[in-house]
Amino acid sequence: MREFAVRTSDGLALRGWYAPATTRPYTLLFFHGSGDGLAKAAKAAPPFIRAGYGVLVAEFRGYSGEPGTPSETGLYDDGRAYLRALQAEGVDPGQIVLFGYSLGTGVAVKLATEYPVGGLMLLAPFLSINEITKHRHPWLPVDLLVRDTYENASRIANVHCPVLIAHGTIDSIVPTSQGKALFALTTEPKTLRLLAGDGHLDAFDDFAAVAIPWLESAPPPRAVVPSLSSAKVKGPEQD
């Protein structure tokens, strides 16, 4: 993988790690979880690279020594910057599969509602940060305390591409029930895979084992798609 530099719309210079596709038509844009960094997140990439897919591991503002402070609107802006940069590399939107893990599923779902991507893969997704917090701390006034909510549940029906949702059956951080509930709200074509015996942190190998066949069975990328530069992007006040 090589370093991959992007600049966000608010002027931050960020970097990810990128391996272009070799024998497969899709490039995965991976958004990691809240406790990860670039080096740790990149460990999810090798199975997909060996299979011939491109992988861009995105790093967010405020992580791994990158400038800026993480926020919900900021992370969405970071994701858009990586999408635009992939297009500049010659990767059409229809050849991009968004891959979100844990917190990164919030970024992936949001961007999948904005761009005509080829697919969406979610590992350990949640309904919203509020719903996770209510599950863990039912006595707290969550709706008053949580600012960054990542509302996957209200957005997933507006995703119109193939969707793969996978969840470990013993995930103690994001309950498996949330992945199942999000799947119920997702429009077709959709696939659910429950990873037996996997928790929140150890599901990547089993996920790759189900994701690669899913990618191989995906329809070819659309031949003609709108340019990312012309796609309508909602401003922060609408996020």
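Our structure's up above, just so we're on the same page.
Presented here is a report on the structure given in the accompanying data block.

Rules used in this analysis
Residues numbered from 1 in each chain as written. Predicted model: local features only at pLDDT ≥ 70, side-chain atom pairs only at ≥ 80, totals over all residues. Heavy atoms only, no water. Helix = DSSP H or I, 4+ residues; strand = E, 2+ residues; numbered from the N terminus. Buried < 20%, exposed > 50% of the residue type's maximum accessible area, 1.4 Å probe, protein only. Contact = heavy atoms within 4.5 Å. Areas by Shrake-Rupley, 256 points an atom, 1.4 Å probe, with all protein chains shown as cover. Pairing = 2+ DSSP bridges. Salt bridge = Lys/Arg side-chain N within 4 Å of Asp/Glu carboxyl O. Phe/Tyr/Trp six-rings, centres within 6.5 Å; stacked < 30°, edge-to-face > 60°. 1 Å grid on protein atoms, 1.4 Å probe; cavity = no way out; pocket = protein on both sides within 12 Å on 5 of 7 lines; lining within 4 Å. Points joined across faces, edges and corners; volume = space filled by probe spheres on them. Nonpolar A, V, L, I, M, F, W, Y, C, P; charged D, E, K, R; others polar.

1. What to know about the overall build of the protein
The helix and strand tally for the protein stands at nine helices and eight strands. When the 239 residues of the protein are sorted by exposure, 54% land in the buried category. Nonlocal contacts in the protein, meaning residues at least 24 apart in sequence, comprise 72% of its contacts between residues at least 6 apart. When the accessible area of the protein is evaluated, it comes to approximately 10300 Å², of which 54% is carbon and sulfur surface.

2. Side note on the pairing of strand β3 (residues 27-31)
Within β3, five of the five residues are buried, leaving the element largely enclosed by the surrounding structure. Residues T27, L29 and F31 line one face of β3 and the alternating positions L28 and F30 line the opposite face, and both faces are buried. As defined by bridge partners, β3 adjoins strand β4 (residues 54-58) across five bridges and the pair is classed as parallel. The residue bridging L29 from the neighbouring strand is L56, located in β4.

3. Digging into the pattern of salt bridges
Where charged atoms of side chains with opposite charge meet at close range, the side chains can pair. Enumeration according to the criterion identifies ten salt bridges in this entry. When the shortest N-O distance is used, the salt bridge between E114 and R80 registers 2.9 Å. Linking E114 in the loop between α4 (103-112) and β6 (119-123) with R80 in helix α3 (residues 72-88), this pair joins segments that are 34 residues apart in sequence. R80 shares its class with E114; the two are buried. A single network of salt bridges, built from pairs that share partners, joins D10, R61, D77 and D78.

4. As for the packing of aromatic side chains
As enumerated under the stated definition, the model contains nine aromatic pairs in all. Taken together, a centroid distance of 6.1 Å and an interplanar angle of 65° make the contact between F60 and Y63 edge-to-face. Y63 matches F60 in its accessibility class, with the two residues each being buried. Where Y76 meets Y150, the ring centres are 5.8 Å apart and the plane angle is 80°; that geometry is what we call edge-to-face. One end of the pair, Y76, is in helix α3; the other, Y150, is in the loop between α6 (142-145) and α7 (152-155), with 74 residues separating them in the sequence.

5. Overview of the layout of surface pockets
Estimates place the volume of the second largest pocket at around 230 Å³. If you trace the second largest pocket, you find 13 residues lining it, with K40, K43, A44, L201 and F204 closest to the centre. Looking at which element gives the most residues to the lining of the second largest pocket, the answer is helix α9 (residues 204-216), with three residues. Residue composition of the lining of the second largest pocket, grouped by class: nine nonpolar, no polar and four charged.

None of the figures reported here should be taken as evidence of function without further support.
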